[in-house]
Amino acid sequence: MPMTKDEVLSKVKKLFELSKSPNENEAALAASKARELLSRYNLCMADLPPDDMNGALDVTEACVETGKLLRNWIKGLMIHVAEGFDCSHIIRRRTGSSPILSFIGTQADAQIAACTFQFLHRELNRMADSALPRLSREARGWNRGALRFAYLEGGVTRIGERFREQTREVREVERETCKDLVLAKEKMIHTYMSATFSNIRKEYGRTRTVSSLAFEKGYADADRVELRPADKVTH
């Protein structure tokens, strides 16, 4: 049975409170569920009481690490996930240590972006491991490292397309019904970025030739990947 507007907002409020949990996975799933409920019932954060809305709009930074070697496909995945959840992103380079990948956005958006990135990073690596034996047999002349890179590039390309397809309608509704709120959020993120990162250098990936067979396999397989972790939040 559909919930009333008040019931939806009450549940969203509880989920936003849960999204402040020190347990990162629980916090991210709660934030995701809150956003999903608002979208499903054609509501936005402007429908929340001012105190709850202001708390949800606090700008924060959620960070992940993927190891010392930062491949182009990882950077691409970071960009797609950040755009999918209305976040900015930055890579913190540290001498002798693994780089830190940061998602900057509202508390809810940044948390679910980081959680989603980690989930997709694991899934793509798992799928590449599974696909490599067959690709090695069928794409002779390519080494396993090159085939893995091409497969992951294909997977990330398709995931980026799916994020854009999934969020296009939501973004249009938000800009029509909550234009002032959207602009305020963008301004807050811009202010945070300017104040926190005074010297930002853009990174560019190298163009390289890849196996079309492996790329197309990764692209096709990415249609089976969920774009976020399984939702286990029931509050």
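Here the structure is shown first, and the text comes after it.
Calculation criteria
Residues numbered from 1 in each chain as written. Predicted model: local features only at pLDDT ≥ 70, side-chain atom pairs only at ≥ 80, totals over all residues. Heavy atoms only, no water. Helix = DSSP H or I, 4+ residues; strand = E, 2+ residues; numbered from the N terminus. Buried < 20%, exposed > 50% of the residue type's maximum accessible area, 1.4 Å probe, protein only. Contact = heavy atoms within 4.5 Å. Areas by Shrake-Rupley, 256 points an atom, 1.4 Å probe, with all protein chains shown as cover. Arc of directions from axis to C-beta. Expected span 1.5 Å × (residues − 1). Core = buried A, V, L, I, M, F, W, Y, C linked by side-chain atoms within 4.5 Å. Pairing = 2+ DSSP bridges.

A. Structural context of the overall build of the protein. The helix and strand tally for the protein stands at 8 helices and 3 strands. Ordered by position from the N terminus, the helices and strands of the protein form the series α-α-α-β-α-β-β-α-α-α-α. Per-residue burial over the protein gives 46% buried out of 235 residues. Sequence-distant contacts in the protein: of pairs separated by 6 or more residues, those separated by 24 or more amount to 76%. Counting only carbon and sulfur atoms, one obtains 48% of the accessible surface of the protein, whose full area is about 13,300 Å².

B. Representation of helix α8 (residues 212-221) in the model. Buried within α8 are the following residues: Ala-214, Gly-218 and Asp-221. The buried residues of α8 occupy an angular sector of 70° when the element is viewed end-on, so they sit on one face.

C. Structural detail: helix α4 (residues 72-84). The end-to-end C-alpha distance of α4, which contains 13 residues, comes to 18 Å, matching closely the 18 Å that a straight helix rising 1.5 Å per residue would cover. Extensive coverage of α4 is indicated by the burial of 10 of its 13 residues. All of the buried residues in α4 are Trp-73, Ile-74, Lys-75, Gly-76, Leu-77, Met-78, His-80, Val-81, Ala-82 and Gly-84. Residue Asp-86 follows α4 closely and has a positive phi angle near 55°.

D. Spotlight on the nonpolar core. Ranked by size, the top nonpolar core spans 38 residues in total, and within it Leu-77, Val-81, Phe-103, Phe-117, Leu-120 and Ile-159 carry the most contacts. The set of elements that each furnish at least two residues to this core consists of β1 (59-64), α4, β3 (100-106), α5 (107-138) and α6 (144-177). Per element, the largest residue contribution to this core is 13 residues, and it comes from α5. Setting aside residues up to four positions removed in sequence, Val-81 forms contacts with Phe-103, Ala-113, Thr-116, Phe-117, Leu-120 and Phe-163.

E. Representation of the pairing of β3 in the model. Most of β3 sits inside the fold, with 7 of its 7 residues counted as buried. Relative to β3, β1 runs antiparallel, the two sharing 6 bridges. Bridge pairing links Glu-61 to Ile-104 in β3. Bridge analysis of strand β2 (residues 88-92) against β3 gives 5 bridges, and the strand direction is antiparallel. Of the residues in β3, the one forming a bridge with Ile-91 is Leu-101.

Any link to function would need more than the numbers given here.
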